[in-house]
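Coordinate inspection notes
As a plain string of letters, each chain reads:
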Amino acid sequence: MDRRSFIKLGVSSGIIATSGMRGLMADTISPSGIPDMVAVRNGEPAQMLDAALKAFGGMKSFIKPGQRVCVKPNIGWDKSPEMAANTNPELVRRTVEHCFEAGAREVVVFDHTCHRWQACYSNSGIEKAAKEAGAKVVSGDSELYYQEVEIPNGVVLKKDKVHQAILEADVVINMPIIKHHGAARITLSLKNLMGINWDRGHWHHTNLNQCIADFSTRFKPTLNIVDGYRVLMQNGPIGNSLEDVHLVKSLLVGTDMVALDTAATRIFGGNPADISYLSLAQDLGVGTMDLASLNVQRIAL
Amino acid sequence: MRKLRYVRIVCAALVLLLISGVFFGLPWGQPLVHAQLIPALLRSTGAGWTVSIVLLGALVLSTLIIGRWYCSFLCPFGILQDVISRIARIFKPKHKFKPQPKVTWLHYGVLALLLIPAFMGSVAGIALLDPYSLFGRFINSIFDPFIRELNNLGAWIVSKTGHYWIVPVKIYWPPLWSMILTSSILLLVTAAVIWNGRVFCNTLCPAGAILRFLARFSIFQLRITDTICNRCGSCERECKTGCIDRKAKTIDFSRCVLCFNCAEACHKDGVQFQLNPIWKRNTSRKNNTSSPAKQTPGASASNRDQSSSEQSAPSSQHRRLFLRSGVIVTGLITGAAGYGQGRGQGKGRHGQGRHGDGVPYDHSGFNYWEPLHPTLPPGAVDLDEFQSHCTACQLCVNECPTHALVPGFLQLGILGFQQPVFDFSRAYCEYECNRCTQLCPTGALTPLDLAVKKTTRIGLAHFFKGHCVVHTEGNECGACIEHCPTMAVTGIAYRSDRPELLLPHVNPALCIGCGICQHACPVEPEAIRVNGLTEHETADAKQSKPLENVPDLSEGFPF
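Residues numbered from 1 in each chain as written. Chains lettered and ligands numbered in written order. Predicted model: local features only at pLDDT ≥ 70, side-chain atom pairs only at ≥ 80, totals over all residues. Heavy atoms only, no water.

Things to note about the packing of helix H9 (residues 131–159) of chain B against helix H10 (residues 176–196) of chain B
Residue and element names in this part refer to chain B. Two elements in contact, H9 and H10, have axes separated by 9 Å at closest approach and are oriented at 125°. The orientation of H9 with respect to H10, classified from their angle, is oblique. Two packed elements cross with a definite hand, and for H9 against H10 that hand is left-handed. Of H10, the residues touching H9 (which contributes Leu134, Arg137, Phe138, Ser141 and Ile142) are Ser178, Met179, Thr182, Ser183, Ile185 and Leu186. A breakdown of the residues in the contact of H9 with H10 according to their chemical character gives six nonpolar, four polar and one charged. (Axes fitted to C-alpha atoms, helices over the stretch in contact; angles between N-to-C directions. Helix = DSSP H or I, 4+ residues; strand = E, 2+ residues; numbered from the N terminus. Parallel < 35°, antiparallel > 145°, perpendicular 65-115°, else oblique. Left-handed = near helix turned anticlockwise from the far one by under 90°. Contact = heavy atoms within 4.5 Å. Nonpolar A, V, L, I, M, F, W, Y, C, P; charged D, E, K, R; others polar.)

Given below as structure tokens:
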């Protein structure tokens, strides 16, 4: 069974499971059934995640007992959680807990960091949070761990080296943070996947936005949890001072990376049309930027 | 007396482990590193001189009391030679050490030769043979990559079973020349050790030369008790400096490294600490035959032996010689360091001047195809001062968390041979790190607080537009922009037909020359590169503007 059929199975079994519980959850499930995307606002990270997953019928809609899960937050920079350069550690902790509650056999957390990985892992607070929740925290800093894969639908990126933790996992959970990015303007789900590949320089050299779009044709995470709790509004992706960070208190969860990134760009106050990789990914059939065509459930806490 | 050998072995093993540990990030051995003779001598004229003066005073005084204990207890390179010697013994158990010629003037001559570059404001000469720095280079160029390779092999094997508890580390191979040079020196020293023990310490070692001079005058010296000795030669065979003359029943204490092998070898416990005759009062010299057993023989042996009778020549003359020469040697080394320091004041060789906001940034003086000036580690402050202190022990190189520092070949000129410089194609100077500045035992790097280091400009990024992929290929890249920790590199729209293309732009007032932009640049050679400053400067800190148009979700989502 390949990854895609696994994902389909996971989602459809989730649909079956939740439809059975529809009566119980009538207040959160929209009339049309399972949402494509859930947007939560005005809560704490863990609380918002609980609400979002509940709308999907729980993490068990995505993870079957005994599966191996790989969680990929943004741990790219040697910055503390308040600086919002990396995914919120409390959100990572809760995500790992949900994975184990759904029966995951193991949860691996890693990122191919930009700064020195030990510093990023510890100062972001993610290593501690993930380990406390029971996850394995793995280095993404050694080429030994990366294996070459083909990207058949890529326009310029035809093959790439990807971390074996991703390749070995049954379920991949992508956990980006919404933030300003000096080069890509805003970094989100699609851009976050850059951290599972080895040779970033090649992407930059070739055509960054096209590579981001190409890569997402091959790697579609089972679930994307977009952290919009603290948002770095300027001087990204690293940030300069606390004045650059704004407390937005939002969370987006869904399976369609393009749709999620479109919604997140709107929250950020940007125009999705300006983000080149969104339309490029849409053209490659990765997802849709047309939020009106989707069943978006909005929750306020 | 006979137990002292075991005390020495235990202490030496501990010291070797602790000092090696410092090169791998363990803090406990740091005082031992700071107590190394040549580094402490250099540091006494630089940053952190107070501690060094105290340590130096302790070293000199203790040597004046009991001789060259330093060489066997504290010198990592000396201990390493003992380890090699011990291993060689496994293969050749019946090995006997032979008496060595004194070669006093060869040894002092080598020291004098090594001091020549000092007059040009560099310690490159001393650095070449300083035992601590040799040890450091051995750790950095040979031992460290070997250990890392071993670790990664383990990590890879373990990861295949789905476990990640061995964490892989990056292997940064030292430059080939450095590996070849260090391993050849090590091979030569190993050969010498196998041949006849501590040959290096009494012919080439600059620390050895200084201590050798002091040990001549030490108050207590190891001597053979004439009345006990039957010239069996056990001590001579065990003496790894070859300084024992069995027939004359004498120990040349200036060459003795106090390993206590002789004391243990003597079945009759005939090797003892005794008062150096030159410090005896004239009267005691006359009645030497009647002195108590412990103090007798130095002088009584002298009746038969010429070299010993020399030692009991008028003591005041010796004392004067000692004082005079001591002042000269110390003066030479510290003077060299001070000379470089004075030279560096108030001028930079490349004269960049202060890079403030108002200064228009001119990239035109730099040729893309030519190497730029190498970048010195933070805390170096000034090239001349740096060169007059750094003995290239590679402690900062080995401890640099990103491994961006490398031993320089001739980037800093012949006088900067092996001194550390940044290799930004390999890595970058970590923004949240000031480790190297805190570690340096020679005072070449001034300790900087992290906050100070974050605005210390060690170099300045230069952007070569004609080679940037944004310009040449029309590709969106932005690698340098996203990596810059001080917001000195930003993207500016520069083509009206392609508003999405952002061309890097360097704000020199904010740039600290950390090199992460150069490291991230995908072009070969990099289209943004750091030119090292010979005089470090202070950069401005970026002030964030207050946010405008922040997201407000109180009324619901904007989609």
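Description of the packing of aromatic side chains
Two aromatic rings, taken as a pair, are described by how far apart their centres are and by the angle between their planes. Residue and element names in this part refer to chain B. Taken as a whole and assessed by the stated rule, the structure comprises 23 aromatic pairs over all chains. Measuring from centroid to centroid gives 6.1 Å for Phe24 and Phe143, while their planes differ by 75°, and the two rings are edge-to-face. A residue pair is termed long-range when its members are at least 10 positions apart, and Phe24 in the loop between helix H1 (4–22) and helix H2 (30–34) and Phe143 in helix H9 qualify at 119 residues. Taking the relative accessible area as the measure of exposure, Phe24 reaches 34% and is therefore partly exposed. A ring pair is formed by Tyr368 and Trp369, whose centres lie 4.7 Å apart and whose planes are at 75°; its orientation type is edge-to-face. (Phe/Tyr/Trp six-rings, centres within 6.5 Å; stacked < 30°, edge-to-face > 60°. Buried < 20%, exposed > 50% of the residue type's maximum accessible area, 1.4 Å probe, protein only.)

Brief notes about the pattern of salt bridges
Enumeration according to the criterion identifies 29 salt bridges over all chains in this entry. Between A:Glu106 and A:Lys136 there is a salt bridge, with its nearest N and O atoms 3.0 Å apart. Note that A:Glu106 is positioned in strand E3 (residues 106–109) and A:Lys136 in strand E4 (residues 136–137), a separation of 30 residues in sequence. On the basis of relative accessibility, which here comes to 14%, the residue A:Glu106 falls in the buried class. One salt bridge in this structure joins A:Arg116 and B:Glu430, with 2.6 Å as the shortest N-O distance. Taken together, the residues A:Arg116 in the loop between E3 and helix H4 (117–123) and B:Glu430 in the loop between strand E6 (420–422) and helix H20 (435–439) connect one chain to another. You can call A:Arg116 partly exposed: its relative accessible area is 21%. Put simply, A:Asp50, A:Arg94, A:Glu97 and A:Glu101 are held in one network by salt bridges that share partners. (Salt bridge = Lys/Arg side-chain N within 4 Å of Asp/Glu carboxyl O.)

A few points about the state of the cysteines
All names here are of chain B. Throughout the structure, instances matching the rule amount to zero disulfides over all chains. Free of any disulfide, Cys229 has its nearest neighbouring cysteine sulfur in Cys235, separated by 6.3 Å. Among the cysteines around Cys511, which has no disulfide bond, Cys517 carries the closest sulfur, lying 6.3 Å off. Judged by relative accessible area, Cys511 falls into the buried class, the value being 7%. (Disulfide = S-S within 2.5 Å.)

A word on the interface of chain A and chain B
The interface of chain A with chain B comprises 59 residues on the first partner and 50 residues on the second. Sorting the residues of chain A by area buried against chain B places A:Arg41, A:Arg116 and A:His204 first, and these three jointly supply 14% of that buried surface. Where chain A packs against chain B, one counts two salt bridges. For the salt bridge of B:Glu482 with A:Lys191, the shortest nitrogen-to-oxygen distance reads 3.9 Å. Linking chain A with chain B are 23 residue pairs in polar contact (both at pLDDT 80 or more). Ranked by residues supplied to the side of chain A that touches chain B, first place goes to strand E11 (residues 245–254) of chain A with five residues. (Buried area = accessible area lost by both parts, 1.4 Å probe. Polar contact = N/O pair within 3.5 Å; in protein donor to acceptor, adjacent residues only side chain to side chain.)

Remarks on helix H3 (residues 89–101) of chain A
All names here are of chain A. With 13 residues, H3 extends 18 Å from end C-alpha to end C-alpha; this agrees with the ideal 18 Å at 1.5 Å per step. Buried within H3 we find Pro89, Leu91, Val92, Arg94, Thr95, Val96, His98 and Cys99. The residue sitting at the N-terminus of H3 and contributing the capping side-chain oxygen is Asn88; that oxygen lies 2.8 Å from the backbone nitrogen of Glu90. Among the residues trailing H3, Gly103 stands out with phi positive, at a value near 100°. (Expected span 1.5 Å × (residues − 1).)

Looking at the side chain of A:Thr265
All names here are of chain A. Checked against the element boundaries, Thr265 lands in helix H10 (residues 257–268). Residue class for Thr265 comes out buried when judged on its relative accessible area of 1%. If we ignore the near neighbours within four places in the chain, the residues touching Thr265 are Ile186, Leu188, Gly270, Asn271, Pro272, Ile275 and Leu278.

As for the confidence of the model for chain A
Taken residue by residue, chain A gives an average pLDDT of 89. The fraction at 70 or more is 89%. Below a pLDDT of 50 lies the segment residues 14–31 of chain A, which in the model reaches 17 contacts outside its immediate sequence neighbourhood of four places, other chains included. (pLDDT = per-residue confidence, 0-100.)

A word on the environment of A:Phe219
All names here are of chain A. Within the secondary structure, Phe219 is located in the loop between helix H9 (208–218) and strand E10 (223–232). Sequence spacing of Phe219 and Val172 is 47 residues, and the spatial spacing of their C-alpha atoms is 9.2 Å. In contact with Phe219, other than residues within four places in its own chain, are Val149, Val162, Ile166, Leu167, Leu193, Ile196 and Met257.

Some words on the pairing of strand E7 (residues 456–463) of chain B
Residue and element names in this part refer to chain B. Most of E7 is tucked away, with eight of its eight residues classed as buried. Examined bridge by bridge, E7 and strand E10 (residues 528–538) share seven bridges and lie antiparallel to one another. The residue bridging Ala461 from the neighbouring strand is Val530, located in E10. (Pairing = 2+ DSSP bridges.)

Side note on the side chain of B:Gln81
Assignment of secondary structure puts B:Gln81 in helix H6 (residues 76–91). Excluding residues within four positions of it along the chain, B:Gln81 makes contact with B:Val189, B:Val193, B:Gly197, B:Arg198, B:Phe200 and B:Cys201.

Here's the deal with unusual backbone geometry
A cis geometry characterises the amide bond from A:Gly236 onward to A:Pro237, with omega recorded as 0°. Structurally, the position occupied by A:Pro237 is in the loop between E10 and E11. Residues B:Glu524 and B:Pro525 are joined by a peptide bond in cis, for which omega reads -15°. With respect to the helices and strands, B:Pro525 occurs in the loop between helix H24 (516–520) and E10. Notably, B:Val381 is not glycine yet its phi reads approximately 65°, a positive angle. As for its placement among the helices and strands, B:Val381 is situated in the loop between helix H17 (315–344) and helix H18 (383–387). One non-glycine residue, B:Met487, lies in positive phi territory at about 65°. Mapped onto the elements, B:Met487 comes out in the loop between helix H23 (479–483) and strand E8 (489–493).

What to know about a nonpolar patch on the surface
The grouping of B:Phe24, B:Phe143, B:Phe146, B:Ile147 and B:Leu150 at the surface amounts to a nonpolar patch, some 450 Å² of accessible area in total. With relative accessibility at 31%, the residue B:Phe143 sits in the partly exposed group. (Patch = residues over 30% accessible without salt bridge, like charges linked within 9 Å, V, L, I, M, F, W, Y side chains within 5 Å. Areas by Shrake-Rupley, 256 points an atom, 1.4 Å probe, with all protein chains shown as cover.)

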